[in-house]
Amino acid sequence: MADLDFNIDDNVDITDVVCPTTFVKAKVALEELDDGQILAVKMNDGEPVQNVPRSIKEEGHQILKLINNEDGTYTLIVKKVGD
Amino acid sequence: MAVDYATLKKGGFMRQKQKNNFSLRLRVVGGNLTAVQLAKIAEVAEKFGDGHVHLTSRQSVEIPFIKLDDIDRVKAALADGGVEPGVCGPRVRTVTACQGEAICPSGCIDTYALAKELDERYFARELPHKFKFGITGCQNNCLKAEENDLGIKGGIKIKWRESDCINCGVCEKACRTNAIEIKDGKIIVDESKCNFCGRCYKACPTEAWDTVHGYIVSFGGLFGNSINKGEAIIPFIEDKEKLLEICDAAIEFFAENANPGERFKFTLDRVGKDKFTDKILEVYNG
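Residues numbered from 1 in each chain as written. Chains lettered and ligands numbered in written order. Predicted model: local features only at pLDDT ≥ 70, side-chain atom pairs only at ≥ 80, totals over all residues.

Q: I keep staring at the overall build of chain A and nothing clicks. Help me out?
A: The helix and strand inventory of chain A stands at 2 helices and 4 strands. Here the C-alpha radius of gyration of chain A, 11 Å, is about what a compact globule of 83 residues would show, namely 12 Å. Referenced to the eigenvectors of the C-alpha coordinate spread, the extents of chain A come out at roughly 30 × 30 × 15 Å. Sequence separation of at least 24 residues holds for 62% of the intrachain contacts in chain A that already meet a minimum separation of 6. (Helix = DSSP H or I, 4+ residues; strand = E, 2+ residues; numbered from the N terminus. Rg over C-alpha atoms; globule rule 2.2 N^0.38 Å. Contact = placed C-beta atoms within 7 Å.)

Q: So what exactly am I meant to see when it comes to the overall build of chain B here?
A: Counting its secondary structure elements, chain B contains 9 helices and 13 strands. Its C-alpha atoms give chain B principal-axis dimensions of about 80 × 45 × 30 Å. Relative to all contacts within chain B whose residues are 6 or more apart in sequence, the contacts with residues 24 or more apart total 65%.

Q: Sorry, what's going on with the domain arrangement of chain B here?
A: Size of an interface: often given as the accessible area lost when the parts come together. All names here are of chain B. Assigned domains within chain B: domain 1 (5-80) and domain 2 (95-285). With 6 residues of domain 1 at the interface, the matching set in domain 2 holds 8 residues. Within the side of domain 1 that touches domain 2, the residues separate by chemical class into 1 nonpolar, 4 polar and 1 charged. (Domains from an automatic or database assignment. Nonpolar A, V, L, I, M, F, W, Y, C, P; charged D, E, K, R; others polar.)

Q: Just checking my understanding: could you explain the sheet that holds strand β5 (residues 92-97) of chain B for this structure?
A: Two orientations exist for strands paired in a sheet by backbone hydrogen bonds: parallel and antiparallel. All names here are of chain B. An order of β5-β6-β7-β10-β13 is seen for the 5 strands of this open sheet, with the pairing classed as mixed. Among the strands making up the open sheet, the edge pair consists of β5 and β13 (231-232). Of the strand pairs in this sheet, strand β7 (residues 150-160) and strand β10 (residues 209-219) are connected by 11 bridges, and their pairing is antiparallel. Residue pairing in the sheet places Gly154 in a bridge with Tyr215 of β10. (Pairing = 2+ DSSP bridges.)

Q: Which parts of the structure should I look at to understand the sheet that holds strand β4 (residues 61-67) of chain B?
A: All names here are of chain B. Here 4 strands make up an open sheet; going across it, the order is β1-β2-β4-β3 and the pairing antiparallel. Sheet topology places β1 (13-15) and β3 (54-55) at the edges, where each strand pairs with a single neighbour. Relative to β4, strand β2 (residues 21-25) runs antiparallel, the two sharing 4 bridges. If you follow Phe22 over to β4, its bridge partner there is Ile66.

Q: Is there a simple way to think about the interface of chain B and chain A in this case?
A: Counting residues at the interface gives 10 residues for chain B and 11 residues for chain A. Every element with two or more residues in the side of chain B that touches chain A is listed here: α5 (170-174) and α6 (199-203) of chain B. Sort the elements by how many residues they give to the side of chain B that touches chain A and α5 of chain B lands first, with 3 residues. Across the side of chain B that touches chain A, the residue classes break down as 6 nonpolar, 1 polar and 3 charged.

Q: What is the right way to look at the environment of Pro105 of chain B in this model?
A: Residue and element names in this part refer to chain B. Position of Pro105 among the secondary structure elements: in the loop between β5 and α4 (111-122). Accessibility expressed as a C-beta count within 10 Å gives 10 for Pro105, which makes it exposed. For the pair Pro105 and Glu245, spaced 140 residues apart in the sequence, the C-alpha separation amounts to 28 Å. (Buried ≥ 20, exposed ≤ 12 C-beta atoms within 10 Å, placed from the backbone.)

Q: It is not clear to me how the pairing of β4 of chain B should be interpreted in this structure. Could you clarify?
A: Within a regular beta strand, the side chains point alternately toward one face of the sheet and then the other, so they alternate between its two faces. All names here are of chain B. In the sheet, β3 pairs with β4 via 2 bridges, with the strands oriented antiparallel. Directly across from His54, in β4, lies its bridge partner Glu62. Connecting β3 to the antiparallel partner β4 that follows it, the hairpin turn spans 5 residues, and Gln59 within it adopts a positive phi of roughly 65°.

Q: What should I look at first to understand the nonpolar core in this one?
A: As a rule of thumb, nonpolar side chains are buried together in soluble globular proteins. Membership of the largest hydrophobic core comes to 85 residues, with the highest contact counts inside it found for Leu76 of chain A together with Cys171, Cys200 and Val217 of chain B. It is helix α7 (residues 240-257) of chain B that provides the largest number of residues to this core, a total of 6 residues. When residues of this core are sorted by domain, at least three fall in each of domain 1 (5-80) and domain 2 (95-285) of chain B. Every residue in contact with Val217 of chain B, bar those within four places of it in the chain, is listed here: Leu150, Gly151, Ile152, Ala232, Ile234, Ile237, Leu243 and Ile246 of chain B. (Core = buried A, V, L, I, M, F, W, Y, C linked by C-beta atoms within 7 Å.)

Q: For this particular structure, what's the right way to read helix α2 (residues 35-48) of chain B?
A: Because each turn of an α-helix spans 3.6 residues, side chains separated by three or four positions in sequence point in the same direction. All names here are of chain B. The terminal C-alpha atoms of α2 lie 20 Å apart, and with 14 residues this matches the ideal 20 Å at 1.5 Å per residue to within 8%. Looking only at α2, the buried set comprises Lys40, Ile41, Val44 and Ala45. The buried residues of α2 all sit within an arc of 135° when viewed along its axis, so they share a single face. Facing away from the buried side of α2 by more than 90 degrees, the exposed set consists of Ala35, Val36, Glu46 and Lys47. Contact partners of the buried residues in α2: β4 and α3 (71-80). (Expected span 1.5 Å × (residues − 1). Arc of directions from axis to C-beta.)

Q: When you look at the environment of Thr211 of chain B in this model, what are you seeing that I'm missing?
A: All names here are of chain B. Examined against the element boundaries, Thr211 turns out to sit in strand β10. Thr211 sits in the partly exposed class, given 17 other C-beta atoms within 10 Å. In this view, Thr211 contacts Ile156, Lys157, Ile158 and Tyr201; residues no more than four positions away in its chain are not counted.

Q: When you look at the pairing of strand β2 (residues 38-44) of chain A in this model, what are you seeing that I'm missing?
A: Residue and element names in this part refer to chain A. By the criterion of burial, β2 is predominantly enclosed, with 5 of the 7 residues buried. Relative to β2, strand β1 (residues 10-13) runs parallel, the two sharing 4 bridges. Paired with Val12 across the two strands is Val41, which belongs to β2. With respect to chirality, the unit in which β1 leads through helix α1 (residues 21-31) into the neighbouring parallel β2 is right-handed. (Right-handed = clockwise from strand over helix to strand, strands pointing away.)

Q: Which parts of the structure should I look at to understand the confidence of the model for chain B?
A: Low pLDDT means the predicted coordinates in that region are not meant to be read closely. Per-residue pLDDT for chain B has a mean of 96; in total, 99% of the residues score no lower than 70. Among the scores for the predicted complex, ipTM is 0.88 and pTM is 0.92. (pLDDT = per-residue confidence, 0-100.)

Next comes the structure, spelled out in structure tokens:
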């Protein structure tokens, strides 16, 4: 995991699934959190990193940072925003 | 009594191979029908057809097996449910559209509103040959804009607004054309690579982009006996009134220059694309 300046409350790895399960897995992980908590989502380059950040934004959560892990994966830092 | 097939065809009644049977094409705009219209279509198909309808390749509905003697009663019944016959033959055809920004998260323009506007402006206008409009909301091109005589594709022109940027890096990856580069916290957009898809803006957590929603218009598309991809003349049209003026100019050019039975692409080839380009640029810059 890349060096982070965020207090991560939970991690989820979505590199083992493909669209649309990528987003679903991230969404489920966000549902487990409380409002304001921070999730780190590890995803593959390509389709996931092109689309998952936007889907999470459209769900109303706050994206803080996308970190390039320099190994073909990225980590998206997301703050949960409740309903 | 002789049957006037041309008039029937013009009114959406397509002659079937079964004698005295017609497949009635309905007027559908932008692929939308209300539940009330659908219920009426179902009723008419049961009562006057053989109980089925056909969805055409261009978002219309046809009710087959309508009998010649029932035509007036069918029209009256459909009118009761707010349904009109469509058209066929040498005129402006169904204006097709995807769901666009009113429904689809990817949409950059209100395709249905524009389809209705074009339909009101041009529907069934008599021309030397068929003329098809298609409107798609974004670069995903679900509606295949370039296969139409005049295709319209929604786009978003973007300009980075540094004050709202949190430097998360999402936009650089959201871009499919590699037009975005982040260097020392600054976002550099290569405008020659930008295809106006708007994905950077749509993915941005703070929407740190100034945006203009607009249109990419292609001319001369075909997807029948001959296949040709319509081509744009102006990269991006920002203003809707300008778009409508350009549509007017294209239709006028076709009406003035086309031979009977000649599709727009072949008119452009024969008369010269330069001549058409000059006309469109004159309208655009005028």
